[in-house]
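The residues making up each chain are set out below.
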Amino acid sequence: MKYKAPTKQGYFGKFGGKFVPEILIPAIEELEASYLEVKDDPLFKAQFEELLRDYVGRPTKLTFANRLTDHYGKAKIYLKREDLCHTGAHKINNAIGQILLARKMGKTRIIAETGAGQHGVATATACAKFGMDCVVYMGAEDMERQKLNVDRMRLLGTEVRRVESGSKTLKDATNEAIRDWVTNVEDTFYIIGSAIGPHPYPMMVRDFHKVIGEETRTQLRDAENRDPDYLVACVGGGSNAIGFFHPFLDNDNVKMIGIEAAGLGADTDQTAATLTKGTPGVLHGCMSYLLQSEEGQIQLAHSISAGLDYPGIGPEHSYLFDIGRVKYYSVTDSEAMDAVKLLAGLEGIIPALETAHALAYLETLLPLTTQDQIVVLNLSGRGDKDMKTISENLS
Ligand SMILES: *Cc1c(COP(=O)(O)O)cnc(C)c1O
C-alpha cells in the first residue's frame, strides 16, 4: 500500500498540492470534503457502477491481439478496449463520476475546458444525460481545428465559449475556466478532464478511472491466470495511464511504461515530451514537470495528437517518474502514424492518435520480451475523430 498517496495536502512526493487563488480555497476544500464523503459510500458507488455498466458500456473488453502478437513473435499482446466506451474513449468515466459528485454537492452548473474537444464532448454528454447546464471554454484556434467537436457539444446542449486570449488553445481555455469558477463558485462545479489541477482533482480523476486497471486485472486472470509483465499506455495529462496502472502499482513484477508525445522530436521545440524535457514548476494549480523556459515561461506543446498536446503532466506521474516506478519514453508524430496503419491492418481497429503513441512503443519493447511474457496496452480511444489528420498524413 505504499502508493496510497497523496498526502492530506495533496502531495505525491514533492508534486501536486493546491496552488489556487485564495478565493478558491473554500471551493477546493468543499470539493475535497464532499469527495472523501462519497468515495466509500456504497450508494454513490452503486450509482456510479450502474451508469458505467448501462450507459458507458463497461466492463470494456480485453482483446487478445493475435495478429499483432504474431507480427512481433515475442510476448503475447492484449488490448484493453477503452475505445468501446460510449463516446469512444476513456474520458467519459471521469465525466460521469464528477457529474455525480456535482449533483451530490447541489451544484446546478457545470463548466469545463477543452483542447481537442474530447473532454468537452464527454462532459457535454454527461450533462445532457443529467439535464445540467454546461459551459465549455475552448481556444479560438482549437475551435477552428476541431469544428466537428464544437458541433457535437452544441448538439448536446452545451454552450461553447470562444477564448481569444494568449495562444487561443487549451492552456488559455483553462485560465478562462478558472476565472469563471472564481466568479460563480457558489453554484458551479468545474470538471477537469485529466489527472491534473489542484488537489483533490488528480486523486479524484485517478479514482474514477481505476476501473480500467481493475477490470484488466480480473479479465487477465480469467484468460491467463496471472498478472501482466508489462503495461503500456499513452500519457497526456495522464488520466488513462494512471487509472490503468494504479491497481498494479503494488505488484513489483508488473513493469509499467508511459508514452509521451515527442512531436517532431523530443530534442526539438515542437514537442510535448514533458517528463523527457521538462522541469518542475507550477501550472494550473499544481506542482509538476512542465515544458517551460529558464525564466518559467510556459512553452507551447506540439503533437500530431491534440489530446497529448499539453505542456504539463499529472503530479502523480511526475512522482512515479522521479522514484522510477514507471518508465516514461516518447514517440514522434511519424512513429505514431505508422502505428495507426499497423493496428488497422493487423487487428481491424483504428486507434486514436493518442493511443497510437503507446502502440508505436511496441516496436522498441517487443524485441526485448519473450514468448512466455504478457504485455497489456491500454487502447484509450478510437480513431474516427482523427481521420482528417490521418488522411492528410497517409499521402
Ligand atoms: C484525451 C485523450 C488522451 C490523453 O489524456 P490522458 O489524460 O493522458 O489520458 C489519450 N487518449 C485519448 C483517446 C484521449 O481522448
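For the structure itself, consult the block above.
Model, not experiment: these values are computed from the prediction. (Residues numbered from 1 in each chain as written. Predicted model: local features only at pLDDT ≥ 70, side-chain atom pairs only at ≥ 80, totals over all residues. Heavy atoms only, no water.)

### Considering the environment of E347
Here comes step 1: Relative to the helices and strands, E347 is located in helix α13 (residues 333-347).
Here comes step 2: Classification of E347 as buried rests on a relative accessible area of 18%.
Here comes step 3: A C-alpha to C-alpha distance of 9.8 Å links E347 and F64, two positions 283 residues apart in sequence.
Here comes step 4: If we skip the residues at most four places from it in the chain, E347 touches A65, N66, R67 and L68.
Here comes step 5: At 2.8 Å, the side chain of E347 and the backbone nitrogen of L68 are in polar contact. (Helix = DSSP H or I, 4+ residues; strand = E, 2+ residues; numbered from the N terminus. Buried < 20%, exposed > 50% of the residue type's maximum accessible area, 1.4 Å probe, protein only. Contact = heavy atoms within 4.5 Å. Polar contact = N/O pair within 3.5 Å; in protein donor to acceptor, adjacent residues only side chain to side chain.)

### A closer look at the site of the ligand
Here comes step 1: In the vicinity of the ligand there are 18 residues, among which K91, S194, G236, G238 and S239 approach most closely.
Here comes step 2: Between the ligand and the protein, one listed contact pairs an oxygen atom with a side-chain N or O atom of K91 at 2.6 Å.
Here comes step 3: If the ligand stood free it would expose 380 Å²; the protein chains cover 97% of that surface.
Here comes step 4: In terms of residue class, the shell around the ligand is made up of five nonpolar, eleven polar and two charged. (Near = heavy atom within 4 Å. Areas by Shrake-Rupley, 256 points an atom, 1.4 Å probe, with all protein chains shown as cover. Nonpolar A, V, L, I, M, F, W, Y, C, P; charged D, E, K, R; others polar.)

### Concerning the environment of E50
Here comes step 1: Along the polypeptide, E50 turns up in helix α2 (residues 42-56).
Here comes step 2: On the basis of relative accessible area, E50 is assigned to the partly exposed category, the value being 46%.

### Side note on helix α4 (residues 91-104)
Here comes step 1: Taking 1.5 Å of rise per residue, 14 residues should cover 20 Å, and α4 covers 20 Å from first to last C-alpha, within 8% of that figure.
Here comes step 2: The element α4 is extensively covered by neighbouring structure, given that eleven of its 14 residues are classed as buried.
Here comes step 3: Within α4, burial applies to I92, N93, N94, A95, I96, G97, Q98, I99, L100, L101 and A102.
Here comes step 4: Looking at the buried side of α4, the elements it contacts are α1 (25-39), α2, β5 (109-114), α5 (118-130), β8 (188-191) and α9 (201-224).
Here comes step 5: Phi turns positive, to about 80 degrees, at G106, one or two residues after α4. (Expected span 1.5 Å × (residues − 1).)

### A word on unusual backbone geometry
Negative phi is the rule for most residues except glycine; trans is the rule for most peptide bonds.
Here comes step 1: The omega angle of the peptide bond from R58 to P59 is -5 degrees, so this bond is cis rather than trans.
Here comes step 2: Cis peptide bonds are those with omega within 30 degrees of zero, and the linkage from H199 to P200 qualifies with 10 degrees.
Here comes step 3: Along the chain, P200 turns up in the loop between β8 and α9.
Here comes step 4: Of note in this structure, T87 is not a glycine but carries a positive phi near 75 degrees.
Here comes step 5: When you line up the elements, T87 lands in the loop between β4 (76-81) and α4.
Here comes step 6: Accessibility expressed as a relative area gives 26% for T87, which makes it partly exposed.
Here comes step 7: The backbone of N225 shows a phi angle near 60 degrees, a positive value even though the residue is not glycine.
Here comes step 8: For N225, the location among the structural elements is in the loop between α9 and β9 (230-234).

Note that all results are geometric; they support no functional claim without further evidence.
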